[in-house]
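# Structural overview for review
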Amino acid sequence: MDTDKRLRKAVQSYWNERGRNKNKQIEGGRIDAGTRGEVTGGAQMGAMEVLVADILCDAGLNKLDIRTRTALELPGYYRSEKKWDLIVVSEGQLVTAMEFKSQVGPSFGNNFNNRSEEAIGSATDIWVAYREGRFGKSPTPFLGYFFLLEDCDRVKTRVRNKEPYFKVDPVFDKASYSKRYELLCRRLVLERVYSAACLVMATNSPKTTLTQPAEDLSFKRFEAALRGHVVTFMGSRKKSGKN
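Residues numbered from 1 in each chain as written. Predicted model: local features only at pLDDT ≥ 70, side-chain atom pairs only at ≥ 80, totals over all residues. Heavy atoms only, no water.

### As for the overall build of the chain
Put simply, the test is: The helix and strand labels rest on DSSP assignments: H or I over at least four residues marks a helix, E over at least two residues marks a strand, and numbering proceeds from the N terminus. Only protein chains enter the calculation, and the probe is 1.4 Å; a residue is then buried if its accessible area is under 20% of its type maximum, exposed if over 50%, and partly exposed in between. Two residues form a contact once any of their heavy atoms are found within 4.5 Å. All accessibility values rest on the Shrake-Rupley procedure with a 1.4 Å probe; residue burial counts only the protein chains present in the view.
When its secondary structure is counted, the chain shows six helices and eight strands. Along the chain, helices (α) and strands (β) appear in the sequence α-α-α-β-β-β-β-β-α-β-α-β-β-α when read from the amino end. For the chain, buried positions account for 45% of its 243 residues. Expressed as a percentage of contacts within the chain between residues at least 6 apart in sequence, the contacts between residues at least 24 apart total 62%. Surface exposure of the chain reaches about 13300 Å², of which carbon and sulfur atoms provide 49%.

Rendered as structure tokens:
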């Protein structure tokens, strides 16, 4: 599998889908505020979901156990359930749950905190549900977080912190939004909020250019962690006599 080529195609598909959604809004005589018209309609991350599903199959999972469109709800602890972007349930056991998120301009500042809170909240909820036995005797699942960030000048501009009472963590001092997303993804993994995270930046253009600003957050590293988890899961099933 040429993962690098597939990744580029998946990201290009993301931009193409956003453009198609916006055109449908125009043709229908209705435009949502800001860039909302580009995301209304969904399916922007469809090609990325297919890529990850193919990696899971290649690692040994049954394609029928991988869900990307329907039946994506998993129980929570602070709420009854949450719909993930991709899940794998095999032989009654939760193998993985993933989020595919993105951020484009111009409102990086308005959305960074929302994305952060969403990522932390979703993972915290499912981990407590796991502790409380909502997934039966499933082994520890793999939680994956993939983030696509628009590569543009504004996302690389230094941002001032607001500190009316207390100083923020020095790592955020004048850090751009691209750097802040990098720190977010890295710390989500460092604190074991997610099993692995990936940060990809891409230009919004007919022929997009991809960059991966951090080696520890590269798709290659993300894929390796995912494959490793599947191998471990399949091995545990063989030992238990399920295969």
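Read on for the rest.
### Section: the sheet that holds strand S7 (residues 196–202)
Where we set the bar: A pair of strands is considered paired only if DSSP assigns at least 2 bridges between the two. A fitted line through C-alpha atoms represents every axis, and for helices the fit uses only the stretch in contact; the resulting angles, taken between N-to-C directions, go from 0 to 180 degrees.
In spatial order, the strands read S1-S4-S5-S6-S7-S8; together these six strands make up an open sheet with mixed pairing. Each edge of the open sheet carries a strand with a single partner, namely strand S1 (66–67) and strand S8 (210–211). Here strand S5 (residues 93–103) pairs with strand S6 (residues 142–150) via eight bridges, running parallel. By the bridge assignment for S6, glutamate 99 is matched with tyrosine 145. Lying on the sheet, helix H3 (residues 46–59) is in contact with S1, strand S4 (86–90), S5 and S6; it crosses S4 at an angle near 25°.

### Considerations on unusual backbone geometry
Note on backbone geometry: most residues besides glycine have negative phi, and most peptide bonds are trans. Of note, glutamate 91 is a non-glycine position whose phi angle comes to about 55°, a positive value. On the basis of relative accessible area, glutamate 91 is assigned to the exposed category, the value being 53%.

### A word on the environment of phenylalanine 112
Relative to the elements of secondary structure, phenylalanine 112 occurs in helix H4 (residues 108–131). Under the relative-accessibility criterion, phenylalanine 112 is labelled buried at 9%. Along the primary structure phenylalanine 112 and tyrosine 181 are separated by 69 residues, whereas in three dimensions their C-alpha atoms are 7.8 Å apart. In this structure phenylalanine 112 touches Tyr177, Arg180 and Tyr181, once residues within four positions along its chain are discounted.

### A few points about the packing of aromatic side chains
Where we set the bar: A pair of aromatic rings is counted whenever rings of Phe, Tyr or Trp (Trp by its six-membered ring) have centres within 6.5 Å, and the orientation is called stacked for planes under 30 degrees apart, edge-to-face for over 60 and tilted otherwise. Think of it as a cone above the ring: NZ of Lys or CZ of Arg counts as a charge over the ring if it is within 6 Å of the ring centre and within 35 degrees of the ring normal.
Following the criterion strictly, the structure yields 13 aromatic pairs and no others. Arranged with centres 5.0 Å apart and planes meeting at 70°, the rings of tyrosine 14 and tryptophan 15 form a pair that is edge-to-face. By the burial criterion, tyrosine 14 is buried, and tryptophan 15 matches it. Consider the rings of tryptophan 127 and tyrosine 130, whose centres lie 6.1 Å apart with planes at 80°: the pair is edge-to-face. Of the two residues, tryptophan 127 and tyrosine 130 are both situated in helix H4; the distance of three residues between them amounts to about one turn of the helix. One aromatic cluster in this structure is built from Phe108, Phe112, Tyr145, Phe147, Tyr177, Tyr181 and Tyr194. The ring of tyrosine 177 carries arginine 180 above its face, with NZ or CZ at 5.9 Å from the centroid.

### Examining the environment of lysine 82
Put simply, the test is: Throughout this description, a polar contact denotes any pair of N or O atoms lying within 3.5 Å of each other; where both atoms belong to protein, one of them has to be capable of donating a hydrogen while the other can accept it, and for residues adjacent in sequence the pair is counted only when both atoms sit in side chains.
Turning to its location among the elements, lysine 82 is positioned in strand S3 (residues 81–83). For lysine 82, a relative accessible area of 12% puts it in the buried group. Here the alpha-carbon distance between lysine 82 and isoleucine 126, two residues 44 residues apart in the chain, equals 8.5 Å. Leave out the neighbours within four places in its chain, and lysine 82 touches Leu72, Glu73, Leu74, Glu99 and Ser122. Within the structure, the side chain of lysine 82 is placed 2.7 Å from the side chain of glutamate 99, a separation counted as a polar contact.

### Looking at the packing of H4 against helix H5 (residues 177–190)
We apply this condition: Any angle between 65 and 115 degrees counts as roughly perpendicular, while under 35 counts as roughly parallel, over 145 as roughly antiparallel, and the rest as oblique. Put simply, Ala, Val, Leu, Ile, Met, Phe, Trp, Tyr, Cys and Pro go in the nonpolar bin, Asp, Glu, Lys and Arg in the charged bin, and everything else, Gly too, in the polar bin.
Two numbers describe how H4 lies on H5: the axes approach to 11 Å, and their chain directions differ by 5°. One way to sum up the angle between H4 and H5 is to call them roughly parallel. Across the interface between the two elements, Phe108, Gly109, Asn111, Phe112, Arg115, Ser116, Ala119 and Ile120 of H4 pack against Tyr177, Arg180, Tyr181, Leu184 and Leu188 of H5. Residues of the contact of H4 with H5, tallied by class, amount to eight nonpolar, three polar and two charged.

### Here we look at the pattern of salt bridges
Here is the rule: Salt bridge, as used here, is a side-chain nitrogen of Lys or Arg placed within 4 Å of a carboxyl oxygen of Asp or Glu.
Summed over the entire model, instances satisfying the criterion amount to 16 salt bridges. Here lysine 82 and glutamate 99 are joined by a salt bridge, their closest N and O atoms 2.7 Å apart. One end of the pair, lysine 82, is in strand S3; the other, glutamate 99, is in strand S5, and 17 residues separate them in sequence. Residue glutamate 99 is classed as buried on the basis of its relative accessible area of 2%. The residue arginine 186 makes a salt bridge to aspartate 216 at a minimum N-O spacing of 2.7 Å.

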